[in-house]
Amino acid sequence: MKKLLLLLSILIISCKPEKGLVAESAMVVSARAEASKIGSDIMKQGGNAFDAMIATKFALAVAYPFAGNLGGGGFMVYRLNDGRNGSLDFREKAPLAATKNMYLDSLGNVIPNKSIVGATAVGVPGSVSGLFAIHEKFGTLPMEKLIQPAINMANRGVVVTKKQANRLKHYQKLIKEVSGDTVLFAHNFKEGDTIKYTALAHILEIIKEKGEAGFYKGDIAEKIATFIQKNGGLITKEDLARYNAVWRDPVVFSYKDLKIISMGPPSSGGITLAEIMKMIAPYKVGKLGHNSVKAIQLITEAERRAYADRAYFLGDPDFVEVPEKKLLSDYYLNERMNNFSFKAATPSSEVSHGEIEIVESNQTTHFSIVDTSGNAVSVTTTLNGAYGSKLYSEELGFFFNNEMDDFSAKPGVPNMFGLLGTEANSIAPEKRMLSSMTPTIVEKNGNLLMVVGTPGGSTIITSVLQTILNVYEFNMGMQEAVNQPRFHHQWLPDEILMEPNGFEKEKIETLKALGYQINESKARIIGLVDAILVLKNGTLEGGADKRGDDTAIGF
């Protein structure tokens, strides 16, 4: 009897959902503990969520060179404690000298790797402009105070984690090929080693002293333009001087009794997320069962249709007309789901615009913040590929993005990175390339409920979707929701990506019998979600993705 009771108690403990860090007042969840702590400390010192965002972003540029950056860009969605919301677009731009066919040879074929590695792949960086735009509008602490912790960390050094060491080892050969074998990241760093970022600390000192102009004009701009051009790229001092972050209206929509606030174009995230959620809203999703065959079917079929629209219609709103109202109208979305049936898969060939496939880089980073006053920010930022273009400046101390690969190199034809698109996302001078980044904030009954986002390329949207559904439809806590195995369908290729060993074989076989192609081999990780949930008692639960080094810190 005692043995039976012991066994039952072990089973109960092992089945108990994993709880994330719970904080009373404020929280930061990001890809590195060092960055989360810096953001949290800023709020302890009286800073708000926007101050913490700036400090965390600068810290990630030091602690997480894989995706944190000065040489890239991103998006922020915010919600103030009085319910007002908005978003900032600090996405990279194509240089002034960019042309529609710049990655094609004389026969009109895509030139291998030209949009992926090296200086020809680099878009004009937006991160620094974005941080100063945020500070000007919402900052309360001096910018110097927000940058200094990152400078201190860069000079002190950052300890290499096991996952970071593995990433560096994996990409080192390509970094050497592009940047030479004497740069900082050409060295063989192991777990436990400390990397000092002296050159980056110097650049941050200049930005602290001279502000945004210290990056986009003067000596740093001169060095960036000279370095990029010397390596065959197009960016000039004029490109840098002309860059500006843009405040935009977010995509706001309802899902049952939730209000969702997400990023609009040139991110495809908000519109695509809205399409999916509005298509599944008429169904009793919670009663279908978490990751049940029917739940997977329903979500997959909505994803299939939304991603087809994403590929065809979406681009930079400063250059193309995005039919947001039509795409999110109930009539249109009901029509889209007319041929859905639980009896069998709808082949993607039967869904319109069937010639466009979407494949994006997975190497992005996200962080979520809530401050003591209830202000919330959701920020996704990227270099695009892992370590961006692999082009590292020893003098400047950072990697440059390869964001130009997110354009359609040749509409309707894949570039070497697998990305296809239409005219809406073709290259033009000063145009912003389409993205899947989906920083999102969720309200319920007029109150803040969730702050959520993730890296993951084209899987970002579906990872955010499933995390929200896990909490709202399946009654999970934040960490439990983040921990769940995820699946993804993006219309083309016509297959469901599933995290290996996350789904029962019997379930997979049932889906196959219904006509679904299942791919577990390419889906080792789908997303690295960092999220915050406001619990019923007003405290905050963090969800830091166990798939990475992600960490929640709060007080």
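Everything below is about the structure shown above.
For the structure given in this document, a descriptive report is provided here. Values in this document were obtained by computation on a predicted structure and should not be read as measured data.

**Re the pairing of strand β15 (residues 447-452)**
On a regular strand, one side chain projects to one face of the sheet and the next to the other, so that they alternate. Burial analysis of β15 places five of its six residues in the buried class, which makes it a mostly covered element. Two elements, strand β14 (residues 440-444) and β15, share five bridges in a ladder whose sense is antiparallel. By the bridge assignment, Lys444 is partnered in β15 with Asn447. Connecting the antiparallel pair β14 and β15 is a turn made up of two residues, with Asn445 showing a positive phi of about 55°. In terms of strand pairing, β15 meets strand β19 (residues 530-534) through two bridges, oriented antiparallel. Across the sheet, Met450 pairs through a bridge with Leu533, a residue of β19.

**Quick notes on the layout of surface pockets**
Considering only enclosed or pocket space, the second largest pocket measures out at about 500 Å³ in volume. Lys444, Leu449, Leu533, Val534 and Lys536 are the residues nearest the centre of the second largest pocket, which is lined by 20 residues in total. Secondary-structure elements contributing two or more residues to the lining of the second largest pocket are β15, α16 (460-472), α17 (478-483) and β19. When its residues are assigned to classes, the lining of the second largest pocket shows 10 nonpolar, four polar and six charged.

**Here's the deal with the packing of helix α3 (residues 49-63) against helix α7 (residues 198-210)**
The geometry of α3 relative to α7 is characterised by a closest axis approach of 11 Å and an angle of 160° between their N-to-C directions. Considered as vectors, α3 and α7 are oriented roughly antiparallel to each other. At the point where α3 passes α7, the crossing takes the right-handed sense. Of α7, the residues touching α3 (which contributes Phe58, Ala61 and Val62) are Leu200, Leu204 and Ile207. Considering only residue class, the contact of α3 with α7 consists of six nonpolar, no polar and no charged.

**Examining the pairing of strand β11 (residues 376-382)**
Within β11, seven of the seven residues are buried, which leaves it mostly tucked inside the rest of the structure. Alternating residues of β11 divide into Ala376, Ser378, Thr380 and Thr382 and Val377, Val379 and Thr381, and every residue in both groups is buried. When strand β3 (residues 73-79) meets β11, the two strands line up antiparallel, connected through seven bridges. When the bridges of β11 are listed, Phe75 appears paired with Thr380. Two elements, strand β10 (residues 364-370) and β11, share seven bridges in a ladder whose sense is antiparallel. Residue pairing across strands places Thr364 opposite Thr382, the latter belonging to β11.

**Structural notes on the packing of aromatic side chains**
A complete count under the given rule lists 26 aromatic pairs for this structure. Both rings, one in Phe50 and one in Tyr78, keep their centres 5.7 Å apart while their planes meet at 70°; by these two values the pair is edge-to-face. Of the two residues, Phe50 is situated in helix α3 and Tyr78 in strand β3; the sequence distance between them amounts to 28 residues. With relative accessibility at 7%, the residue Tyr78 sits in the buried group. A ring pair is formed by Tyr387 and Phe399, whose centres lie 5.2 Å apart and whose planes are at 50°; its orientation type is tilted. With a gap of 12 residues between them, Tyr387 in the loop between β11 and β12 (392-393) and Phe399 in strand β13 (residues 398-399) connect regions that are remote in the sequence. Summarising the burial analysis for this pair, Tyr387 and Phe399 share the class buried. Within the aromatic cluster, the residues linked to one another by ring pairs are Tyr64, Phe66, Tyr171, Phe185, Tyr197, Tyr387, Tyr392 and Phe399. When the ring centre of Trp247 is taken as reference, the NZ or CZ atom of Lys137 above it lies at 4.3 Å. Against the face of Phe66 rests Arg167, its NZ or CZ located 4.6 Å from the ring centre.

Calculation notes
Residues numbered from 1 in each chain as written. Predicted model: local features only at pLDDT ≥ 70, side-chain atom pairs only at ≥ 80, totals over all residues. Heavy atoms only, no water. Buried < 20%, exposed > 50% of the residue type's maximum accessible area, 1.4 Å probe, protein only. Helix = DSSP H or I, 4+ residues; strand = E, 2+ residues; numbered from the N terminus. Pairing = 2+ DSSP bridges. 1 Å grid on protein atoms, 1.4 Å probe; cavity = no way out; pocket = protein on both sides within 12 Å on 5 of 7 lines; lining within 4 Å. Points joined across faces, edges and corners; volume = space filled by probe spheres on them. Nonpolar A, V, L, I, M, F, W, Y, C, P; charged D, E, K, R; others polar. Axes fitted to C-alpha atoms, helices over the stretch in contact; angles between N-to-C directions. Parallel < 35°, antiparallel > 145°, perpendicular 65-115°, else oblique. Left-handed = near helix turned anticlockwise from the far one by under 90°. Contact = heavy atoms within 4.5 Å. Phe/Tyr/Trp six-rings, centres within 6.5 Å; stacked < 30°, edge-to-face > 60°. Lys NZ or Arg CZ within 6 Å of the ring centre and 35° of its normal.

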